[in-house]
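What the coordinates show
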Amino acid sequence: MAVSIRTYGDRTLRREASSVDVIDGETKRICERMVEAMIRANGLAIAAPQLGVSQRIIILDLDGAFHVLINPEIIEHSDECEERDEGCLSVPGAYGPVSRASRVRVRGTGLDGKTVEIEGEGLLARAIQHEIDHLDGVLFVDHLSPARRESLLREYARKRKEAAR
Ligand code: ZN
């Protein structure tokens, strides 16, 4: 089965994903598809809704560490923020400046059912916040100013049209 990443305009990307109640073989298969799609797209992180699966699962492959986080929650974040250009596998080719907490601590469950806690800063902190946003139906473009969002999406639509030709 081909694994394709849902892109801007797809409705699953805008839904609030459901918590995972039971971690089973199906959860494992979803994670395998997520890893496959992430690797194929050269991504550093991915959330289940990007594959059309409305469940609270994210995968991070950053700083030499690989994490599966089921039902992740940010339990601590710095007041200090950092603004950097951000992109998304679901809005390919588009980048814009997003301000995020520079350090976060996240707690979730691993595929083995054990609690996982990670503290991240810099790119890892940014990826954690970006992926958890996906579970709430939020995309990075939502964090841009209306004017910037409009011009980014206009440019994105133009490029997509060109690519489809
Ligand atoms: Zn994304």
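Above this text you will find the structure in question.
For the zinc ion, the full set of protein donor atoms is Cys88 (SG), His130 (NE2) and His134 (NE2), and the range of their distances to it is 2.0 to 2.2 Å. Going along the chain, you hit the donors of the zinc ion in the pattern C-x41-H-x3-H. Taken together, the residues span a long stretch of sequence, with Cys88 in the loop between strand 4 (81-86) and strand 5 (96-101) and His134 in helix 2 (residues 122-135) at a distance of 46 residues. In terms of burial, Cys88 and His134 fall into one category: buried.

The next thing to look at is the sheet that holds strand 2 (residues 57-62). Ordered by their spatial adjacency, five strands build an open sheet running 1-2-3-6-7, and the pairing between neighbours is antiparallel. A strand with exactly one partner marks an edge of an open sheet, and here the two such strands are strand 1 (45-47) and strand 7 (115-121). Strand after strand, the sheet turns through a mean of 40° between neighbouring axes, direction not considered. As paired strands, strand 2 and strand 3 (residues 65-77) are joined by six bridges and run antiparallel to one another. Note that in strand 3 the partner of Leu62 across the bridge is Ala65. Relative to the sheet, helix 1 (residues 25-40) contacts strand 1, strand 2 and strand 3, its axis offset from that of strand 2 by approximately 40°. Against the sheet, helix 2 engages strand 1, strand 2, strand 3, strand 6 (103-109) and strand 7, with an angle of about 160° to strand 2.

What follows deals with the pattern of salt bridges. For the coordinates displayed, the defined rule picks out 15 salt bridges. We note a salt bridge from Glu117 to Arg105, for which the minimum N-O separation is 2.7 Å. In this pair, Glu117 sits in strand 7 while Arg105 sits in strand 6, placing the two residues twelve residues apart along the sequence. Overlapping salt bridges, with partners in common, bring together Arg103, Arg105, Arg107, Glu117 and Glu119 in one network.

This paragraph deals with the pairing of strand 7. Every second residue of strand 7 is oriented toward a common face, the buried set being Val116, Ile118 and Gly120 and the non-buried set Thr115, Glu117, Glu119 and Glu121. Strand direction decides the pairing type here: strand 6 and strand 7, joined by seven bridges, are antiparallel. Bridge pairing in strand 7 places Thr109 opposite Thr115. Taking the residues that link successive antiparallel strands as the turn, the strand 6-strand 7 hairpin has five residues, and the phi of Gly113 there is positive, at about 85°.

Once that is clear, we can look at helix 2. Between the first and last C-alpha of helix 2 there are 21 Å, a value that for 14 residues agrees with the 20 Å anticipated at 1.5 Å per step. With twelve of its 14 residues buried, helix 2 lies for the most part within the structure. The complete set of buried residues in helix 2 reads Leu124, Ala125, Arg126, Ala127, Ile128, Gln129, His130, Glu131, Ile132, Asp133, His134 and Leu135.

Calculation notes
Residues numbered from 1 in each chain as written. Predicted model: local features only at pLDDT ≥ 70, side-chain atom pairs only at ≥ 80, totals over all residues. Heavy atoms only, no water. Donors = N, O, S within 2.8 Å, 3.2 Å for Na, K, Ca; no water. Helix = DSSP H or I, 4+ residues; strand = E, 2+ residues; numbered from the N terminus. Buried < 20%, exposed > 50% of the residue type's maximum accessible area, 1.4 Å probe, protein only. Pairing = 2+ DSSP bridges. Axes fitted to C-alpha atoms, helices over the stretch in contact; angles between N-to-C directions. Contact = heavy atoms within 4.5 Å. Salt bridge = Lys/Arg side-chain N within 4 Å of Asp/Glu carboxyl O. Expected span 1.5 Å × (residues − 1).

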